Amino acid sequence: MSRLVSQKALTDKNNVALELDTIHVGECVNILKSLPDKSVDLVFADPPYNLQLGGDLLRPDNSKVDAVDDEWDQFASFEAYDKFTREWMRECQRVLKDDGAIWVIGSYHNVFRLGVALQDLGFWVMNDVIWRKSNPMPNFKGTRFTNAHETLIWATKSKGQKRYTFNYDALKAFNEDTQMRSDWNIPLCTGDERLKDENGVKAHPTQKPEALLYRVLLSCSKPGHVVLDPFFGTGTTGAAAKRLGRHFIGIERDQTYAKHALERISKVTRVSESDLAVMGSKKSEPRVPFGALVEAGLLNAGDTLYCPKGQKTARIRADGSLVHGELSGSIHKLGAMLEQSPACNGWTYWRFKSDAGLKPIDDLRSRIRADMN
């Protein structure tokens, strides 16, 4: 085993050093066994697909397609592939922190076997994500559908795991204020992004687009998190991690691939610290009761609040409750009663009068949260 680069090291509770931003060259399972327990935040795994190719693939002009026929993608049987899969997954589960998660990617050749192994080992599947390739390779023989997608599985370390990283609000902002869907339309790795050797031949047959890893890391990690890739290849995970201010640990058995990865990552420019912050969710922010606005003098007992259109009003009482005629309750309960609705978010429903017109009381809550932070 050799290490190509190490920029920083952490020490776990047992004083075992964890080298970060490092490419370990050697067999996947052996190197995984050398990593300390509960030391990484996220795993991204792009394992061999075990393609089971039945001879050369030819284009209509009879030229040969450069398909995946490397020794590392060949297994004697499904049983051998399943055994290998469970070995590396079991080690990944061990090195994951208790609030960690794993992403695996595969094609129809292997992704179903990966899913079974994940569930058998106790991982808990959160989503499957379809990577829809906007520029897939055609089916030259015309005997099947064009294989235009691959599947990613996102799973937490265990069932019932209450804490895990999912940057919902950041993804929604990334997606123009629309919930991020589980089908991602991202082109294959082509052009200048595709690494080539000195002869102009692609350096790796299955290099993934950096956009794909960028979205995975943006989804399920935070700046400073440690991301492990046990099948590092030419370093797409490392490049995305460096750009986004995450640390990486790569494992790659092929020295040539690892050297390409090292050279590639060295050219990546990290996003500035001020631009790395992940958009937070209101669910994770400190709880502020409505009464705190009254205590702070941002609103006063006797003030009037208004519904969004200004037609319905309520008066604030000293204890933070609202009253409208014979009706009274919290900001949420009274809003629901007035709208004859089973529920109401009082923070976005009620308005207060300002020099600029009616504004949501949530603006006042934001001021208190800013002071708390």
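Only a predicted model underlies this, so the values are computations on that prediction, with no experimental measurement involved.

**A few points about the pairing of strand 16 (residues 351–354)**
Next, step 1: Direction of pairing for strand 16 relative to strand 17 (residues 357–360): antiparallel, over a ladder of four bridges. Bridged to Phe352 within strand 17 is Lys359.
Next, step 2: Counting the residues that bridge the hairpin from strand 16 to strand 17 gives two residues.

**Quick word on helix 7 (residues 255–266)**
Next, step 1: The first and last C-alpha atoms of helix 7 sit 17 Å apart over twelve residues, in line with the 16 Å expected at 1.5 Å per residue.
Next, step 2: Those residues of helix 7 not exposed but buried are Tyr257, Ala258, His260, Ala261, Arg264 and Ile265. For helix 7, the arc enclosing every buried residue in end-on projection is 160°, short of the 170-degree limit, so these residues lie on one face. Facing away from the buried side of helix 7 by more than 90 degrees, the exposed set consists of Lys259 and Ser266.
Next, step 3: The backbone nitrogen of Thr256 has a side-chain oxygen 2.8 Å away, supplied by the residue at the start of helix 7, namely Asp254.

**Brief notes about the pattern of salt bridges**
Side chains that carry opposite charge are capable of pairing whenever their charged atoms lie near each other.
Next, step 1: On inspection of all chains with the given rule, the structure shows 19 salt bridges.
Next, step 2: Measuring nitrogen to oxygen at the nearest pair gives 2.9 Å for the salt bridge that ties Arg181 to Asp183.
Next, step 3: Overall, Arg181 belongs to the exposed group, its relative accessible area being 57%.
Next, step 4: Counted as one network, the salt bridges with shared partners bring together Asp37, Glu91 and Arg94.

**Focus on the packing of aromatic side chains**
Next, step 1: Using the criterion set out here, one finds twelve aromatic pairs in the structure.
Next, step 2: Ring centres of Trp88 and Phe231 lie 5.1 Å apart, and the angle between their planes is 85°; this geometry places the pair in the edge-to-face category. In this pair, Trp88 sits in helix 2 (residues 78–95) while Phe231 sits in the loop between strand 10 (226–229) and helix 6 (236–243), placing the two residues 143 residues apart along the sequence.
Next, step 3: A ring pair is formed by Trp103 and Trp154, whose centres lie 6.0 Å apart and whose planes are at 10°; its orientation type is stacked. Of the two residues, Trp103 is situated in strand 6 (residues 96–106) and Trp154 in strand 8 (residues 149–156); the sequence distance between them amounts to 51 residues.
Next, step 4: Judged by its relative accessible area of 4%, Trp154 falls in the buried class.
Next, step 5: Taken together through their ring pairs, the aromatic side chains of Trp103, Trp154, Tyr164, Phe166, Tyr168 and Trp184 make up a single cluster.
Next, step 6: The ring of Trp131 is capped by Lys133, whose NZ or CZ atom sits 5.2 Å from the centre of that ring.
Next, step 7: One residue, Arg215, lies across the ring of Trp184, its end atom 5.1 Å from the ring centre.

About the thresholds
Residues numbered from 1 in each chain as written. Predicted model: local features only at pLDDT ≥ 70, side-chain atom pairs only at ≥ 80, totals over all residues. Heavy atoms only, no water. Pairing = 2+ DSSP bridges. Helix = DSSP H or I, 4+ residues; strand = E, 2+ residues; numbered from the N terminus. Expected span 1.5 Å × (residues − 1). Buried < 20%, exposed > 50% of the residue type's maximum accessible area, 1.4 Å probe, protein only. Arc of directions from axis to C-beta. Polar contact = N/O pair within 3.5 Å; in protein donor to acceptor, adjacent residues only side chain to side chain. Salt bridge = Lys/Arg side-chain N within 4 Å of Asp/Glu carboxyl O. Phe/Tyr/Trp six-rings, centres within 6.5 Å; stacked < 30°, edge-to-face > 60°. Lys NZ or Arg CZ within 6 Å of the ring centre and 35° of its normal.

By themselves, these observations are geometric and do not establish any function.
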